[in-house]
Amino acid sequence: KNSPDDLWKRIRPRPTKNQYAGQYYICKDVDQGMECTYLGNCTFAYCQEEIDVWTLERKGTFCRDTLFGGSRKVNLTIPHLLQEHSGTFVFLCEKCFDHKPRMISQQSKENPFTCSHSVSKHTFEENKCLVHVFKDTIVKYWKIRPFNSQVVLDLCRHEVRYGCLREDECFYAHSLVELRVWVIQNETGISFEKIVQESQKYWANESSAHKPQLLNTQNNPECPNLNIKFVCGQCWRNGQIIEADKNRKYCSAKARHTWAKDRQVVLAMSSERSSGKNAKKWISIRPCPLRKPLPVQFELCHHIVTGKKCQFIGNCAFAHSQEEKEIWTYMKDLGIQDMDKLYETLKSKKTEGGKEMSSQAYKQIHLPTDYAETTVNFHCWLCGKNCNSERQWKMHISSEKHKERVFHSEDDQNIWQHRFPTGSLSVCKRFLSGSCPDGEKCRFAHGNAELQEWEERSKVLCQKLEKARKDQLISADDNDFGKYSFLINAFN
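Procedures and definitions
Residues numbered from 1 in each chain as written. Predicted model: local features only at pLDDT ≥ 70, side-chain atom pairs only at ≥ 80, totals over all residues. Heavy atoms only, no water. Helix = DSSP H or I, 4+ residues; strand = E, 2+ residues; numbered from the N terminus. Buried < 20%, exposed > 50% of the residue type's maximum accessible area, 1.4 Å probe, protein only. Contact = heavy atoms within 4.5 Å. Areas by Shrake-Rupley, 256 points an atom, 1.4 Å probe, with all protein chains shown as cover. UniProt positions renumbered as here; feature names shortened; annotations may be inferred. Phe/Tyr/Trp six-rings, centres within 6.5 Å; stacked < 30°, edge-to-face > 60°. Lys NZ or Arg CZ within 6 Å of the ring centre and 35° of its normal. pLDDT = per-residue confidence, 0-100. Pairing = 2+ DSSP bridges. 1 Å grid on protein atoms, 1.4 Å probe; cavity = no way out; pocket = protein on both sides within 12 Å on 5 of 7 lines; lining within 4 Å. Points joined across faces, edges and corners; volume = space filled by probe spheres on them. Nonpolar A, V, L, I, M, F, W, Y, C, P; charged D, E, K, R; others polar. Axes fitted to C-alpha atoms, helices over the stretch in contact; angles between N-to-C directions. Salt bridge = Lys/Arg side-chain N within 4 Å of Asp/Glu carboxyl O. Arc of directions from axis to C-beta. Parallel < 35°, antiparallel > 145°, perpendicular 65-115°, else oblique. Left-handed = near helix turned anticlockwise from the far one by under 90°.

Visitor: Teacher, can you tell me more about the overall build of the protein here?
Guide: Tallying secondary structure elements over the protein gives 19 helices and 10 strands in all. Looking at the protein as a whole, 38% of its 492 residues are labelled buried. Residue pairs at least 24 apart in sequence account for 59% of intrachain contacts in the protein once pairs closer than 6 positions are excluded. Of the roughly 30,400 Å² that the protein leaves accessible, carbon and sulfur atoms contribute 50%.

Written out as structure tokens, the structure is:
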């Protein structure tokens, strides 16, 4: 209404599969006047009206189903919410959850009056809080605060970008799930106890609808015709093929490297290659791409096929060898998402008689209720990692992978339009004169727009660091942040 643009525009359903919580953006292809590369599957908006409607729908203040003659109220229920966000609702000990760093504990099975923390033993009923648990490649816990007249039915922009320092005192929702629960509570007045019951009932119905059924062995994908080893990544970089010791805690080399999920490498060798002229040539296998939907079949990278080195910056989604293609296909067919699960699956197939173990006779359909909740001493909400000792926790928060998560998020590619800052928060004089020979490698900003973004990026990184230090996700004496150190120090 009241717009100079009188064209009618199609508003597609709001994308919900990737749990995106940031600001919506226009598709770059459409913004440049071209047809979208991912037509039909693009999660970016095609017009401003689409952004406006998606934003209102996410707040819960607009429902397309009620536009023409339907009820004025947004008919949102807990089953509807779980269909959209998956996961489950549980009660956890709030004192443990709010502890710095975060700890996870349920109601104790031995003593239902206390939490399950091995030392603190908080009174559970007085300190319980509602939490939404989502488990995929990592585990995420979203605390749900009670709805009251002071809260605002909108997402907290600080929490989305770098983490809200006000925490429970903030009036805005700190997750999409919390926002949706508030909408439901505002409309129906449903209690937290009822929400947990509805969640349990929902997954009980889903579980009964997907009871394990015996697989047809003729359709069961066979293991690829490959020899496969799980070896120590540090030893592999030194040209050694070293497997784990019998307890799978360390590699069997003299160095005794820790046998961890992120430190092992999968090697494969086809039976044809092992008997031919390229005998005993092991090929490293990268983790199977997790992008969804998965392709009908994996293809070989065209760079590799032509005998060149892959030029893709990041994780190439095309296979880099025939062996990798076979293993990825095998993992896709069996629904295996990581290399640890692959190891367990292959291990279970190896019996003395060469037969499959009975555990492989059933098709597993994992529901949130399948995962037993365990008490852990520390939980990193950034990485979704549980640590059961202080030593393990300190190793985790000092790792490069963890620090990268502190400062980098998947949404960065949508927010930042210019180069990553390269050394100096000032505009390049040679660029202004029209002739900077250093190009992308120049230490100075190429224009005022880039400089403003660099300054904004510095502020955001400082906020992320402040939040991480408050949550004790960074050691107090740790000031080594690699490429991010320059930006953090720029305003200190």
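Visitor: Would you take a moment to explain the UniProt feature "domain: C3H1-type" (unreviewed entry) in the protein for this structure?
Guide: The positions that UniProt labels "domain: C3H1-type" (unreviewed entry) are, in the present scheme, residues 155-177, 295-323 and 422-449. Across residues 155-177 one finds 30% helix and 13% strand; the C-alpha atoms that close the span lie 10 Å apart. Span residues 422-449 is 21% helix and 0% strand, its end C-alpha atoms 15 Å apart.

Visitor: So what exactly am I meant to see when it comes to the packing of aromatic side chains here?
Guide: The relation between two aromatic rings is expressed through the spacing of the ring centres and the mutual angle of the planes. Under the counting rule described, the total for this entry stands at six aromatic pairs. With centroids separated by 5.4 Å and ring planes inclined at 70°, the aromatic side chains of Tyr 24 and Trp 54 adopt a geometry described as edge-to-face. Placement of the pair is Tyr 24 in the segment before α1 (28-31) and Trp 54 in helix α2 (residues 48-59), with a sequence separation of 30 residues. With relative accessibility at 5%, the residue Tyr 24 sits in the buried group. These aromatic residues form a ring-pair network of at least three members: Phe 407, Phe 420, Phe 481 and Tyr 484. Of note, Arg 166 hangs over the ring of Phe 171, and the distance from its end group to the ring centre comes to 5.7 Å.

Visitor: What exactly am I supposed to notice about the confidence of the model for the protein here?
Guide: Close inspection of predicted coordinates is inappropriate in any region flagged by low pLDDT. This prediction gives the protein a mean pLDDT of 79; 79% of its residues lie at or above 70. A low-confidence stretch, residues 351-366 stays under pLDDT 50, and its non-local contacts, those more than four residues away or across chains, total 21 contacts. Confidence over residues 369-373 falls short of pLDDT 50; this stretch has eight contacts with residues more than four positions distant or in other chains.

Visitor: So what exactly am I meant to see when it comes to the pairing of strand β2 (residues 128-135) here?
Guide: One face of the sheet, then the other: side chains in a regular strand alternate in exactly this way. Most of β2 sits out of view: six of its eight residues are buried. Judged from the six bridges that link them, strand β1 (residues 88-93) and β2 form a sheet pairing that is antiparallel. In the strand pairing of β2, Val 90 is matched with Val 131.

Visitor: Quick question: what am I supposed to make of unusual backbone geometry here?
Guide: Trans is the prevailing form of peptide bonds, just as negative phi is the prevailing case for residues other than glycine. In this model, Lys 100 is joined to Pro 101 through a cis peptide bond whose omega is -5°. Among the secondary structure elements, Pro 101 is positioned in the loop between α4 (94-97) and α5 (124-127). Located in the positive-phi region is Lys 121, a residue other than glycine, with phi close to 55°. Within the element layout of this structure, Lys 121 appears in the loop between α4 and α5. On the basis of relative accessible area, Lys 121 is assigned to the partly exposed category, the value being 41%. A positive phi angle is found at Glu 167, which is not glycine, with a value near 50°.

Visitor: Would you explain the layout of surface pockets in this entry?
Guide: Any space left empty among the atoms is revealed by the rolling of a water-sized probe across them. Put simply, the second largest pocket is a space of about 580 Å³. Together, 16 residues line the second largest pocket, and Trp 8, Lys 9, Ile 11, Glu 49 and Val 53 are the ones closest to its centre. Its residues assigned to classes, the lining of the second largest pocket shows seven nonpolar, two polar and seven charged.

Visitor: Quick question: what am I supposed to make of the sheet that holds β1 here?
Guide: Sheet strands line up and pair through hydrogen bonds in the backbone, either parallel or antiparallel. Judged by pairing direction, the sheet is antiparallel, and its three strands sit side by side in the order β1-β2-β3 without closing on themselves. One side of each edge strand has no neighbouring strand; the edge strands of this open sheet are β1 and β3 (139-144). Adjacent strand axes in the sheet meet at a mean angle of 40°, parallel and antiparallel pairs treated alike.

Visitor: What am I meant to see in the side chain of Ser 175 here?
Guide: Here Ser 175 lies in the loop between β5 (172-173) and α7 (176-188). Ignoring any residue separated from it by four or fewer positions in sequence, one finds Ser 175 in contact with Trp 142 and Leu 155.

Visitor: Looking at this structure, how should I read the pattern of salt bridges?
Guide: When charged atoms on two side chains of opposite charge get close, those side chains can pair. Overall, the coordinates contain 21 salt bridges when judged by the stated rule. Its salt-bridge partner being Asp 98, residue Lys 143 comes within 3.1 Å of it at the nearest N-O pair. Remark: Asp 98 occurs in the loop between α4 and α5 and Lys 143 occurs in strand β3; sequence separation between them is 45 residues. One salt bridge connects Arg 256 with Asp 245, and the closest N-O pair in it is separated by 3.2 Å. Placement of Arg 256 in the loop between α9 (233-237) and β7 (264-270) and of Asp 245 in the loop between α9 and β7 is noted, with a sequence separation of 11 residues between them. Its relative accessible area of 43% is what places Arg 256 among the partly exposed residues. Accessibility expressed as a relative area gives 16% for Asp 245, which makes it buried. Through salt bridges that share partners, Glu 94, Asp 98, Lys 143 and Asp 168 make up one connected network.

Visitor: So what exactly am I meant to see when it comes to helix α15 (residues 400-407) here?
Guide: Structurally, the α-helix is built with 3.6 residues per turn, so residues lying three or four positions apart point the same way. Among all positions in α15, only His 402, Lys 403, Val 406 and Phe 407 are buried. Projected onto a plane normal to the axis of α15, the buried residues spread over an arc of 130° and lie on a single side.

Visitor: Would you take a moment to explain the packing of helix α3 (residues 78-85) against α7 for this structure?
Guide: Helices that pack against each other are described as a pair by the angle of their axes relative to one another and the distance between those axes. The N-to-C vectors of α3 and α7 enclose an angle of 165°; their axes lie 11 Å apart at closest approach. Here α7 runs roughly antiparallel to α3, going by the angle between their axes. Between α3 and α7 lies a crossing whose hand is right-handed. When α3 is examined against α7, the residues Ile 78, Leu 81, Glu 84 and His 85 are found in contact with a partner set consisting of Leu 176, Val 177, Arg 180, Val 181 and Ile 184. Among the residues making up the contact of α3 with α7, the classes are represented as six nonpolar, one polar and two charged.

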